[in-house]
Amino acid sequence: MNINLKGKRALITGTSSGLGEVIAREFAAAGANIGLNYHSHPDAAEKIAEEIKKMGADVLTLQADVSDSTSVAGMVNTVVKKWGGVDILVNNAGIDGAHSLTWETDISEWEKVVKINLFGPFYCAREVLKYMITKKSGVILNITSVHENIPWSGYSAYAAAKAGLSMLTKTMAQEVGTSGIRVLSLAPGAIQTPINKSVWSNSANLSDLLKKIPLGRLGSTEEVARVAAFLVSDAASYMTGSTVFVDGAMIDYSNFTHGG
Ligand code: NAD
């Protein structure tokens, strides 16, 4: 099945590295025009923009901090001025924050993780929905995590934010279903990107992580991006309000792989 996103206007957050970058390339390969949001690495974003333009896509490079509602409104305003609207939003930007037990956590650090991972997608969705509702079409894809389900000691802000984002997906899907708009979550498992370098670059940490994945390996960014492209395309036209896990069965209680 060929995924066709020809002429779709896709805004993707956090594209200067990792999953966001590869999702942008995958969507461009399927024919989409790409709004490349980045926060603090303009050189990386410009390099990716140049490469994607060569694939034939119209590309906008958009600096914005997703945790700042004014910054997000400005970014969406720029896209709408250039393109007249947005057909696809991928809320990908995220951080996991430093390991810290809840009672030892600095409040501003906890707030920062929740602001980027949960408020950010809300701010972006709120802005683009104004246009999608008028047009009566659109797709929002929220990148959550297996930690929307699996508790993660030392990362309470991340797990709480991703679980909250999953519920935001379901609630927005209810709100906009009859307006022809779909809202989905994609929950990656352990995918090799800069966010988890401290795990995959250390052999003891990696070996511990692999025991938690029934497929016995990390996922690649391409394996996630292919599913993302499917979910935002018309091929997934009856899917909304749910989470699709791309995790090698990490949520499948791997401790029970050999009985229990
Ligand atoms: P990454 O660190 O490469 O990408 C995160 C991106 O978000 C970066 O480009 C960063 O600049 C951007 N970002 C951070 N704060 C921002 C802000 N305030 N405004 C705009 N952009 C901001 O890591 P990744 O693995 O590609 O992560 C992408 C998404 O996937 C995140 O939401 C993450 O939680 C999720 N995820 C990743 C994994 C994994 O194993 N890699 C697993 C589950 C979920």
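What you see is a predicted model, and the numbers here were worked out from it, not measured in a lab.

Definitions and cut-offs
- Residues numbered from 1 in each chain as written.
- Predicted model: local features only at pLDDT ≥ 70, side-chain atom pairs only at ≥ 80, totals over all residues.
- Heavy atoms only, no water.
- Pairing = 2+ DSSP bridges.
- Helix = DSSP H or I, 4+ residues; strand = E, 2+ residues; numbered from the N terminus.
- Right-handed = clockwise from strand over helix to strand, strands pointing away.
- 1 Å grid on protein atoms, 1.4 Å probe; cavity = no way out; pocket = protein on both sides within 12 Å on 5 of 7 lines; lining within 4 Å.
- Points joined across faces, edges and corners; volume = space filled by probe spheres on them.
- Nonpolar A, V, L, I, M, F, W, Y, C, P; charged D, E, K, R; others polar.
- Core = buried A, V, L, I, M, F, W, Y, C linked by side-chain atoms within 4.5 Å.
- Buried < 20%, exposed > 50% of the residue type's maximum accessible area, 1.4 Å probe, protein only.
- Contact = heavy atoms within 4.5 Å.
- Axes fitted to C-alpha atoms, helices over the stretch in contact; angles between N-to-C directions.
- Near = heavy atom within 4 Å.
- Polar contact = N/O pair within 3.5 Å; in protein donor to acceptor, adjacent residues only side chain to side chain.
- Areas by Shrake-Rupley, 256 points an atom, 1.4 Å probe, with all protein chains shown as cover.
- Phe/Tyr/Trp six-rings, centres within 6.5 Å; stacked < 30°, edge-to-face > 60°.

Draft legend 1. Focus on the pairing of strand β3 (residues 59-63). Sheet analysis places strand β2 (residues 33-38) next to β3, joined by 5 bridges and oriented parallel. Across the sheet, G35 pairs through a bridge with L60, a residue of β3. A crossover links β2 with its parallel partner β3, the connecting element being helix α2 (residues 42-54), and its sense is right-handed.

Draft legend 2. Local environment of unusual backbone geometry. In this model, K136 sits at a positive phi of 60 degrees, which is unusual for a non-glycine residue. Here K136 lies in the loop between α4 (107-135) and β5 (138-143). In this model, Y253 sits at a positive phi of 50 degrees, which is unusual for a non-glycine residue. Among the secondary structure elements, Y253 is positioned in the segment after β7 (243-246).

Draft legend 3. Representation of the layout of surface pockets. Of the voids in this model, the second largest pocket is the one considered here, and its volume is about 160 Å³. In terms of lining residues, the second largest pocket is bounded by K8, D87, I88, K135, S137, G138, V139, G180, R182, V232, D234 and S237. The residue makeup of the lining of the second largest pocket, split by class, is 3 nonpolar, 4 polar and 5 charged.

Draft legend 4. Region of interest: the nonpolar core. Ranked by size, the top nonpolar core spans 34 residues in total, and within it I23, F27, I34, L36, I52, L141 and L186 carry the most contacts. Each residue touching I52, except ones within four places of it in the same chain, is listed here: A24, R25, A28, I34, L36, A57 and V59. The next biggest cluster of nonpolar side chains, apart from the first, holds 29 residues, and it includes V72, M75, W83 and M172.

Draft legend 5. Representation of the sheet that holds strand β6 (residues 181-188). On the basis of which strands lie adjacent, the open sheet formed by 7 strands has the order β3-β2-β1-β4-β5-β6-β7 and parallel pairing. The open sheet is flanked by β3 and β7, the only strands paired with a single partner. The average angle at which neighbouring strand axes cross in this sheet is 15 degrees, direction not considered. Alignment of β5 against β6, held across 6 bridges, turns out to be parallel. Each residue of the ladder has a partner; that of I140, found in β6, is V183. Sheet strands touched by helix α1 (residues 18-29): β1 (9-12), β2, β4 (88-91), β5 and β6. Its angle to β1, the strand with the most contacts, is close to 170 degrees.

Draft legend 6. View of the site of the ligand. Around the ligand, a shell composed of 28 residues is seen, among which S17, L19, N92, Y158 and T193 lie nearest. In this structure, an oxygen atom belonging to the ligand sits 2.7 Å away from a side-chain N or O atom of S17. In this structure, N92 approaches the ligand through a main-chain N or O atom, which is 2.7 Å from an oxygen atom. For the ligand, whose accessible area on its own is 820 Å², the fraction buried by protein is 92%. When residues of the shell around the ligand are traced back to their parent elements, those giving at least two are α1 and α5 (156-176). Among the residues making up the shell around the ligand, the classes are represented as 13 nonpolar, 13 polar and 2 charged.

Draft legend 7. Examining the packing of aromatic side chains more closely. Following the criterion strictly, the structure yields 4 aromatic pairs and no others. Between F119 and Y123 the ring centres are 6.0 Å apart and the planes differ by 70 degrees, which places this aromatic pair in the edge-to-face class. In this pair, F119 and Y123 are both assigned in helix α4, 4 residues apart and thus about one turn of the helix distant. According to the relative accessible area criterion, F119 is partly exposed, its value standing at 36%. You can call Y123 buried: its relative accessible area is 13%.

Draft legend 8. Geometry of the environment of G177. With respect to the helices, strands and loops of the structure, G177 is situated in the loop between α5 and β6. For G177, a relative accessible area of 39% gives the class partly exposed.

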